[in-house]
Amino acid sequence: MSLLDFGDADRPVDLVFVHANGFNAMTYRTLLAPLSGSLRIWAPDLRGHGGATLPADPRGRRNWHDHRDDLTALLDALNGPPVVLAGHSMGGTSALLAAAERPERVSGLVLFDPVIWSRLAVAAFRLPIFDRLASRIPLVRNALRRRAVFDSREQALAAYAGRGAFRGWPEMMLADYLADGLVETSDGFALACDPAWEASNYAAQGHDPWRALRRLDRPVRILKAEAGSTCRLTETPRGLPHVTVGTVPGGTHFFPMLKADVARDALFDAAV
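To keep things clear, this report deals only with the structure shown in the data block.

### Some remarks on the overall build of the protein chain
- In terms of helices and strands, the protein chain carries 12 helices and 10 strands.
- Computed over the C-alpha atoms, the radius of gyration of the protein chain is 18 Å, within 12% of the 19 Å expected from 2.2 N^0.38 for a compact globule of 272 residues.
- Counting the 272 residues in the protein chain, one finds 52% classified as buried.
- Looking at charge distribution, the protein chain has the averaged site of its 31 positive side-chain charges lying 9 Å from that of its 30 negative ones.

Below you can see the structure in the form of structure tokens.
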């Protein structure tokens, strides 16, 4: 794995933050860097993203256990007291799965619109028949159609600015995404997260975040989008007294980019 290290290198890590599918740790620099005066933060690139060089073969994937296990190994490598584990979208769910495996290494979780479908949907995703249906998911189809190579970074910036998932993003955040989201090759500038790998993350839904939530006894704070949320927990989840769920007014799935102050305050409150 590769990672960004924010804050005083002489102090233990306080917070580990995990990015969303298709993005990278650098994308969240303007969210995390202002916290570095008080906290030390590690932000890893998951396999198949950014500067990570771990194998990323999309064939036969059925779940996010590879991301879970990579984060578990990262937790095992940390010296010092338990850390706050946080993340956005797939990164939040992967953090949750890892925390359930190493609860003694985690003091709490902060999850921004994690991908947690209903219990019924999670059960359906685990059925073998879903393997044949996954290719029909619109997010999977869209990812596979994504342009993978650009002539220059400027061309990529012009293609993304103000469009699709990047609508409304601050220019600096989009530039940070592209800084580690593009790799220079002989053919041009290729996406560090190959579209086939991004698509496999959308398709591989055989993990069980509900089981992870039940196994944990650490505080879990979830902030979900008001519009288009990927988190199906209600604001008073039954049987999960350690879980608190709030909705970000006016927030979309990308509220950590569009309402960074809300996300930053939640991270600071959990880690200090």
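Let us keep going from here.
### Describing the nonpolar core
- If you look at the biggest cluster of nonpolar residues, it comprises 42 residues, and the most contacted ones within it are Leu32, Phe112, Trp169, Tyr177 and Leu267.
- In terms of residue count, the dominant contributor to this core is helix H12 (residues 260-271) (five residues).
- Among all residues touching Leu267, those that are not within four sequence positions of it are Leu15, Phe17, Leu32, Leu35, Ala86, Val110 and Phe112.
- Core analysis: the next-biggest nonpolar cluster, separate from the first, contains 37 residues, Val83, Met90, Leu97 and Ala100 among them.

### Description of the packing of helix H2 (residues 65-77) against helix H3 (residues 90-101)
- Between H2 and H3, the shortest axis-to-axis distance is 8 Å and the interhelical angle comes to 60°. Considering the angle they form, H2 stands oblique to H3. As H2 packs across H3, the resulting crossing turns out to be right-handed. For the pair H2 and H3, contact is made by His67, Arg68, Leu71, Thr72 and Leu75 and by Met90, Ser94, Ala95, Leu97, Ala98 and Glu101, respectively.
- Taken together, the residues of the contact of H2 with H3 break down into six nonpolar, three polar and two charged.

### Remarks on the sheet that holds strand E6 (residues 149-150)
- With antiparallel pairing, the three strands of this open sheet are ordered in space as E6-E8-E7. Each edge of the sheet is formed by a strand with only one pairing partner; in this case those strands are E6 and strand E7 (182-185).
- Sheet topology note: the E6/strand E8 (residues 188-191) ladder contains two bridges and is antiparallel. In the strand pairing of E8, Val149 is matched with Ala190.

### Some points on the environment of Met173
- When you line up the elements, Met173 lands in helix H8 (residues 171-181).
- Linking Met173 and Pro195, residues 22 residues apart in sequence, is a C-alpha distance of 21 Å.
- Contact partners of Met173, with chain neighbours within four places excluded, come to Thr27, Thr30, Leu31, Pro256 and Met257.

### Observations regarding the sheet that holds strand E1 (residues 2-6)
- The mixed open sheet is built from seven strands, whose spatial order is E1-E3-E2-E4-E5-E9-E10. The open sheet terminates on both sides in strands that have one partner only, identified here as E1 and strand E10 (243-248). Averaged over neighbouring strand pairs, the angle between their axes works out to 20° when direction is ignored.
- Relative to strand E5 (residues 106-112), strand E4 (residues 83-88) runs parallel, the two being bridged by six bridges. From the neighbouring strand, Gly87 faces E5, where its bridge partner is Leu111.
- Sheet contacts for H3: strand E2 (15-18), E4 and E5; angle to E4, the most-contacted strand, approximately 145°.

### Remarks on the environment of Arg218
- Within the secondary structure, Arg218 is located in the loop between helix H10 (209-215) and strand E9 (220-225).
- With 118 residues separating them along the chain, Arg218 and Ala100 place their C-alpha atoms 9.4 Å apart.
- What Arg218 contacts, discounting residues up to four positions off in sequence, is Pro103, Glu104, Val106, Ser107, Gly108 and His242.
- Within polar-contact distance, the side chain of Arg218 engages the backbone oxygen of Pro103 at 3.1 Å.

### Regarding the layout of surface pockets
- The space that makes up the largest pocket amounts to roughly 680 Å³.
- For the lining of the largest pocket, the leading source of residues is helix H9 (residues 195-203), giving three residues.
- A per-class count over the lining of the largest pocket returns 18 nonpolar, 10 polar and three charged.
- As for the second largest pocket, its lining consists of Pro58, Gly60, Arg61, Arg62, Asp131, Ala134, Ser135, Val140, Ser200, Ala203 and Ala204.

Thresholds applied
Residues numbered from 1 in each chain as written. Predicted model: local features only at pLDDT ≥ 70, side-chain atom pairs only at ≥ 80, totals over all residues. Heavy atoms only, no water. Helix = DSSP H or I, 4+ residues; strand = E, 2+ residues; numbered from the N terminus. Rg over C-alpha atoms; globule rule 2.2 N^0.38 Å. Buried < 20%, exposed > 50% of the residue type's maximum accessible area, 1.4 Å probe, protein only. Lys, Arg positive; Asp, Glu negative; His and termini not counted. Charge placed at Lys NZ, Arg CZ, Asp CG, Glu CD. Core = buried A, V, L, I, M, F, W, Y, C linked by side-chain atoms within 4.5 Å. Contact = heavy atoms within 4.5 Å. Axes fitted to C-alpha atoms, helices over the stretch in contact; angles between N-to-C directions. Parallel < 35°, antiparallel > 145°, perpendicular 65-115°, else oblique. Left-handed = near helix turned anticlockwise from the far one by under 90°. Nonpolar A, V, L, I, M, F, W, Y, C, P; charged D, E, K, R; others polar. Pairing = 2+ DSSP bridges. Polar contact = N/O pair within 3.5 Å; in protein donor to acceptor, adjacent residues only side chain to side chain. 1 Å grid on protein atoms, 1.4 Å probe; cavity = no way out; pocket = protein on both sides within 12 Å on 5 of 7 lines; lining within 4 Å. Points joined across faces, edges and corners; volume = space filled by probe spheres on them.

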